Structure formats: C-alpha cells, structure tokens
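Examining the three-dimensional arrangement
Spelled out from the first residue to the last, the chains are:
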Amino acid sequence: MSLQTKISISVGLGLLGAFGLFGFLGVQALQNSIERTLTERLALAHMVARSMDQVLARGLVQLEMFAASEGASLEDGALEPEKRALSELFRYSGVFNNNVFLVDRAGKVLWSEPYDSTLIGGNLASHLSVAKSLRGGRSQVSSLVTAATYRGPAVSLATPIRNRAGEIIGAVGGNIDLPLGGSKEFIQPSGLGQTAYTEIVNEYGVVMATTRPDPPEAGVFEVSDHAERFATLIQQGEASVRTCHRCHEAERRRDILAFAPLTAASWGVAIRQAEEEALAPTWDLERRMIVFGGLAFVIALSFTWVGVRSIIRPVQGLTRASQRIAAGDLDSIVPTMGGGEIGVLARTFETMRRRLRTSYQEIEERTQDIERRNRELSALCEISRALTSTLDLDSLLKVILQKTIQIFEPAEAAHLLLHDLGSDQLVVRSAEGFAADKDLQERFARGEGIPGMVFERKSAALLTPNEVREHLSGIGDLPVQSAIGAPLLVKGEAIGSLVLYHCRQPRPFSEPDVRLLQALSDQMAITIDNARLYEEVQRKEQLRGQLLESIISTQEEERRRIARELHDEAGQALTALLMAIGAIEQSLPADAGRMRERMTALKSLTTQTMEDIDRLISDLRPALLDDVGLLPALRWYIRRYSDRGGADVRLQIVGPKERRLPGKVETALFRIIQEALTNVAKHAAATAVKIRIDFSDSEVRAAIEDNGKGFEVDKVMKSEGTGRGLGLVGMGERAAFLGGNLTIKSRPGRGTQVLMQFPVQLNAEC
C-alpha cells in the first residue's frame, strides 16, 4: 500500500471519525432537546395541576370557614345570618362560579346563592359530595356531575356543619363549572401550538373538562383513550410523560402526552400535543444537520485529496533520495523541494548526506578501536575466570601467566615474580617461554632488571629496545626486542611484578597494552594476595592441628602416667599403711579401748582415701578403656556416675556392639561423653540422660540428650574471661581433631542435646 493511499485512508478515516463524533454529539443534542421538550410538557402539567389544587383547596377552606362561623348555626331556626354569609361566600370566593348552597342534616336545601326556587326545598342527599360529607364528617370534592340543581356539568364541594356538641347538623357546598370560561385560565396551555390541548380526568379516566378545539362541552363525560393508564397514575400519585397515538381519531397521529395527578381531588391533568408540532424545531435541526454535514464531509474530503497529492509528490522524491543513501550512494545531491516543512526536510537530508560521507571514515577508524576494547574486555573476563578457578598459589600463578600470554598476542615469554619479605627480593614464581624451568626461583633486587624497576616505581612501563638491553643484563643473554611490565599492587603496596617479552619486533606493544596490563595486574594482585593468605592460613591450620594432636596425646599420656603412679606408689603406700594399722590394732592390750577406737577410725580414713584415689585414677584414665575398649569403659563409668547420685543415665548401642574403634576415636568419644555428663551434674539439674551410639561401616555417631534446664548456647560460647564454655570448646576441639564434628542444641527450659559424628576407616588400627 502506497503512502498516498495510507494518508488518504487515514485522513478519510479521521474526517469520518470527526463527522461521526459531530453526528453523535448532534444526535445527543437532538435527544436532549426532545427530553427537554417532554420535561417542559410535564412541568406544565404539574403547574396546571397545582393551580387546580390551589383552587379546590381555596374553595374547601372557604367552605370550612363558613361552617365554623357563628352565622352557620342551623339549630336556632333563623336563616338570615346564614343567607347573608352564603351571599358573601358566592360573591367574593372567586371559586364557585355556579352556585353555593346550604343543606340540613337530611340533605334538604335550605338556601342557595344565587337564589334558585327550583333548588330550594330539594334534596341533595343523593349527591356524592354532600352524602359523603354528611356521613363521613369531612370535606368532599365530587367528580363532574349533571343534575337539575346545576346550571350545567359541574364539580361539587361540600363541608359538614357541626353544632357545639360536635354533631353534624348540615352542610355547606358549592359548584364549580369546569367547562365554562371561568376555569379555562388554569387549564388552557399557552404558547404550545394549534394542536395542543388540556384535559381534566377523574379517577375512572372520564374527561371532566377539556380545551380541545371543539365546543366547550364536547368530549365531557367521555372516557379517555388512556383511561386505565390515567386511573393507575391517579391511584399511585405519579406523573408521566411519553408519546402515544390518538386512538379516538381516524388518523392515528402520534402525540406527546404529559400527565400530572392532583392532590386535593382524585383527578389528573393531561396535556396533549401532536408530536410533529411539538418536535418540529428539533426535527428541522436534524434535517439541516444531515444535509449540511454530508455536504461539508464531501467538500472536506475533496480538499484533503488535493492536499495529500501536493504533499506526496515531494515526499516521493525524498524517498528516492533516501533509498540512494541507504544503498551507499553518498555523492548524489538531494534535490531541493522549495519552502515549508518538506523543503526543510530536503535540506536536512542533504546535510545528513554530507555528514554521513564525512563520518564514514571516522566510523571505520573507530571500529578498530572498538574491536581492541572488546578484546580488552574479553581479556578481563578471561582473567577473572582464571583468578576464581583455584586458590592454590602455584597453580594460580601458572594459569594467570598462560592466560596473559594468550591475551597479549605479541608476547612470547613472561615472568611473574613475588616479593620475598625475608630477603627483600623478587623471586620468579612462574615463567613461560624461553628456558622457563631455569628461570624459576631466580631472584632480583629492588630496581634490578625490568621486574625490579616496575616494582620499585609502582607503575607500568613500556620499554624501548635500548631500555630493554639496559635492564636485561641481570637475567642473562635473551634475544628480547621489546617488553612491558607492571607491578602487582595491593592497597598501594607492591607485592610482585609481571613482565611480558617480545623477541622479533622492536615495538609490538602500545600504550593501550600498558594500560590493559596494569588493569589486569591490579586484579591479579588481589587474587594472588588472597591465595598467599589462604596458603598461610592452611599452613597455620595444619600446624595448629599438629600442635593440638600433640597436646591431646601428651595430656592423655600424662593422665596415664599420673594414674599409674597413683596406683603404684600411693596405692601401695596406703595398702602398707592399712596393714600396719591392722597389726598395731592386734598388738594393743585388751584394756586399750580408747586406742583401739582411734585405730579403727584411722583404718576407715585410710580405706576412704584409697577409694578416692581409685576414683581419681578412673577419672584420669580408666584402665578399661585401654584394656577392653570404649563400650565396657562407658558402662562402668555410667554405673559409677549413677551410684554417686547423678541423673538416671541410659546407654543405647546401635550396630556392631563389640566392634573396637581406633584408640584416638575411643578416647575422644569417652572424654566428650565424660565432659557432657560432668556438665549435666554441675549445671543441668537433669533427672534423666539418654546416650545413643550408632556404629556403621564408615562412621560412628553419638547423641547425649538430657531433660535439664538448658541454656543459651551462643551466649555461653561467647563468654570471654569468665571461664564458661571452656568444656564445650574442648569437646569441639577433640571432635575437630579427628575430622569429626560436634553440635550442641539447647534452649532454656528445653534441655540440651550434644550430637557427634566421627569418620571411621574399616581397616583402622585400634
């Protein structure tokens, strides 16, 4: 699809949308106008209904005032006051345009105004308003009725008259002639047109008065064509406005019908007008909108087509010019297109063409620089991966040097040297190229050779051939033509040097290579320093393990020696002492009772001392542990622990029960369990302890669990200077020494659990 077609379609759709919106808004405006017309008709119906309500209410009030006046006393037999009052009521009421009358309790007419001899003496008890008023005791309004007592169709209003005792003694009433001219001022709609008229209907839908263009009495007492609808609205007290058909005429013409009920009577006011007359202005506006809108749309579409054509032609020329530029033709001049935005665009295209031609060479030059930077970034990534591959220092240095030579293609050999603090010299720790094996462990003083120079300067350097020859004197006769070097810096301090060599060209390296080498050296230095620290930590950890093994072995050997000496020397001495005391006791005379008691006490003390020494010997190093192994020693120790008043201890063995473990493992397990039970006795206040030992082919697991008061493990382990937690630390040290681990779980009030695990080899010697 061409640009011209797209623009034409877009503009056409835009115009169509604009006119569609205009049409939508116009339809909304027309609909609002129709709604406003209907609302006005309904408001007019309400106004007429309120006017009639006011008239009827005023008439009822005047009748009630007459009934309540002193002149309405029908029991005194004198009617002159009532006649005068009735005459004033008819004359000044402004409501009763037919007549007013006065009746007694039976409905007999006592007097009427104006005077009507045919009416006086008659009986109105059958009249609806009078009958309801006399029976119900309330004011009443009748529908339109005709009778000989009226001068025509009329509406009757009546109010009961009561004596001082509240009894109904008669009624006063009046008639309103609705169809006559006197009522048309409030039922005649003004300014609505020739077809508009008003009707007053009662609760049965019967027309009581109308302003139809017929004789005044035409249509009266007829049932309206919407009688049921009117009756429902009057009963519900609701107003309504809508369109309907004139069913009572031969031509079914549509009308606008507005209806409003009265409140003073069960009547309603209906205002009707032909729809074509009521909505004539709105329909006329609709026709004009359709005609002029369509004409405007056609004219706008025509102008749009011409405008699109005038724009597309220059754009097509610019399109051809841009296609030439896209194809690489930067020499063809873009033609000018005159003034306006198209001309500005053409001049902009020409400027762009000239700048593209100028910058094309710059782009080619920068491409090489970007490729070099990409290589540098790739080099950094390669080195980063190499630096994280291992923490072994020798392997790390070898990987670093190999990756560096791969990254710097001109480099043919390299040395990586680290500073030795003891000798204050640089030592070659890794070498690539030349006689690399001979270069290892070669040393350089500060400032000596290329490594010593960059180390002392703490900055990277690119050396000329003369500088290379000058500084290579310290490392032998090498055919080196060019070199670059960089110090390994950590926090501003040099820890070594990295030097790259080239043998065939005098200037294969560049300043960007120097910057890249320094960046790589800075990154390498941190990793190398970490590896050295890791190596130092590993060495110290190994030394610590050896020292710990020596301490534990020495401690156990010292315990064994002390136990043996206590058994051999102190035990034998006490035995000899006990035997001597026995001999002395036997040699005492029979009357030396006091001395015999002292000898007996001395024997008891000696015996107790021997038992204490035996217990001390067992605590230091139970002979059972060396003679028969861990499990018998544990059972013996647990019995002694319980006999001395400790908690109830239960031992559970899972696996080969008679299996012997390596001596170090058995000693460690015995000592940890011994320390755990000692802690239970000192601190836990436990009543029960459960010990479980699980044997398998590759490991042994042990768990010691008590129901004591527990403690906060972290708090006790971090207690410095108080001596608390030293036993727990010793337990962990013993486990770690044998490659096992120990975990302590405890919470205040929840007891304590000690878990151990030791690896055990199947062929381990016991």
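Residues numbered from 1 in each chain as written. Predicted model: local features only at pLDDT ≥ 70, side-chain atom pairs only at ≥ 80, totals over all residues. Heavy atoms only, no water.

**Some words on the overall build of the chain**
Within the chain, the secondary structure is distributed over 18 helices and 21 strands. With 766 residues in all, the chain has 42% of them scored as buried. Long-range pairs, those at least 24 residues apart, make up 58% of the contacts in the chain with a sequence separation of at least 6. As presented, the chain carries roughly 42,000 Å² of accessible surface, and 54% of it is formed by carbon and sulfur atoms. (Helix = DSSP H or I, 4+ residues; strand = E, 2+ residues; numbered from the N terminus. Buried < 20%, exposed > 50% of the residue type's maximum accessible area, 1.4 Å probe, protein only. Contact = heavy atoms within 4.5 Å. Areas by Shrake-Rupley, 256 points an atom, 1.4 Å probe, with all protein chains shown as cover.)

**Quick notes on helix H2 (residues 80–92)**
Side chains of residues three or four places apart in an α-helix project in the same direction, reflecting 3.6 residues per turn. Under the 1.5 Å per step criterion, the end-to-end length of H2 is 18 Å for 13 residues, consistent within 8% with the ideal 18 Å. Positive phi appears at Gly94, one or two residues downstream of H2, with a value of about 75 degrees. (Expected span 1.5 Å × (residues − 1).)

**Describing unusual backbone geometry**
Here the amide bond leading from Glu113 into Pro114 is cis, since omega sits at 0 degrees, within 30 degrees of zero. Phi angles above zero are rare outside glycine, and Asp424 is one such case at about 55 degrees. With respect to the helices and strands, Asp424 occurs in the loop between strand S11 (413–420) and strand S12 (425–432). Judged by its relative accessible area of 35%, Asp424 falls in the partly exposed class. The phi torsion at Ala685 lies on the positive side, around 55 degrees, for a residue other than glycine. Its place among the elements puts Ala685 in the loop between helix H16 (663–684) and strand S18 (688–695).

**Some points on the pairing of strand S1 (residues 99–104)**
With respect to burial, S1 is a largely interior element, five of its six residues being buried. In the sheet, S1 pairs with strand S5 (residues 168–176) via six bridges, with the strands oriented antiparallel. In the sheet register, Val103 faces S5, and the bridge partner there is Ala171. One ladder, built from four bridges, connects S1 with strand S2 (residues 109–113); its direction is antiparallel. Of the residues in S2, the one forming a bridge with Leu102 is Trp111. (Pairing = 2+ DSSP bridges.)

**With respect to the packing of aromatic side chains**
Evaluation of the coordinates by the stated rule reveals three aromatic pairs. Look at Phe230 and Phe259: their rings are 4.7 Å apart centre to centre, the planes differ by 10 degrees, and that puts the pair in the stacked class. Taken as a pair, Phe230 in helix H4 (residues 227–236) and Phe259 in strand S9 (residues 254–261) lie far apart in primary sequence, 29 residues in all. Residues Phe230 and Phe259 agree in their burial class; the two are buried. For the ring pair Tyr637 and Phe670, a centre distance of 5.7 Å and an interplane angle of 70 degrees mean the geometry is edge-to-face. With Tyr637 in helix H15 (residues 630–643) and Phe670 in helix H16, the pair connects residues that are 33 residues apart, well separated along the chain. Comparing Tyr637 with Phe670, the two get one shared label, buried. (Phe/Tyr/Trp six-rings, centres within 6.5 Å; stacked < 30°, edge-to-face > 60°.)

**Some details on H15**
With 14 residues, H15 should reach 20 Å at 1.5 Å per residue; the first-to-last C-alpha distance of 20 Å fits that figure. Downstream of H15 by one or two residues, Gly645 has phi in the positive range, about 90 degrees.

**A word on the sheet that holds strand S17 (residues 648–654)**
Taken in spatial order, the five strands make up an open sheet running S17-S18-S19-S21-S20, and their pairing is mixed. Each having just a single partner strand, S17 and strand S20 (741–746) make up the two edges of the open sheet. Pairwise comparison of adjacent strand axes, ignoring direction, gives a mean angle of 10 degrees for this sheet. One ladder, built from six bridges, connects S20 with strand S21 (residues 752–759); its direction is antiparallel. Looking across to S21, one finds that Leu742 is bridged to Met756. Packing against the sheet, H15 makes contact with S17 and S18, and its axis sits at approximately 165 degrees to S17. (Axes fitted to C-alpha atoms, helices over the stretch in contact; angles between N-to-C directions.)

**A few points about the sheet that holds strand S8 (residues 240–245)**
If you trace the five strands from one edge of the open sheet to the other, you get S7-S6-S10-S9-S8, paired in antiparallel fashion. Only two strands of the sheet have a single neighbouring strand rather than two, namely strand S7 (207–210) and S8. Between one strand axis and the next, the sheet turns through 25 degrees on average, direction left out of account. Sheet topology note: the S9/strand S10 (residues 267–274) ladder contains seven bridges and is antiparallel. Residue pairing for S10: Leu257 is matched across the bridge by Arg272. Where H4 meets the sheet, it contacts strand S6 (197–202), S8, S9 and S10, and its direction lies at approximately 30 degrees from that of S9.

**Side note on the pattern of salt bridges**
Within the structure shown, the criterion is met by 10 salt bridges. Close ionic contact of Lys83 with Glu80 constitutes a salt bridge, the shortest N to O distance being 3.8 Å. Within this pair, Lys83 and its partner Glu80 are both found in helix H2, separated by three residues, close to a single helical turn. What makes Lys83 partly exposed here is its relative accessible area of 23%. Using a relative accessible area of 45% as the deciding quantity, one classes Glu80 as partly exposed. With its nearest N and O atoms 3.9 Å apart, the salt bridge here joins Asp648 to Arg650. Beyond isolated ion pairs, a larger network of salt bridges with shared partners links Asp284, Arg287 and Arg288. (Salt bridge = Lys/Arg side-chain N within 4 Å of Asp/Glu carboxyl O.)

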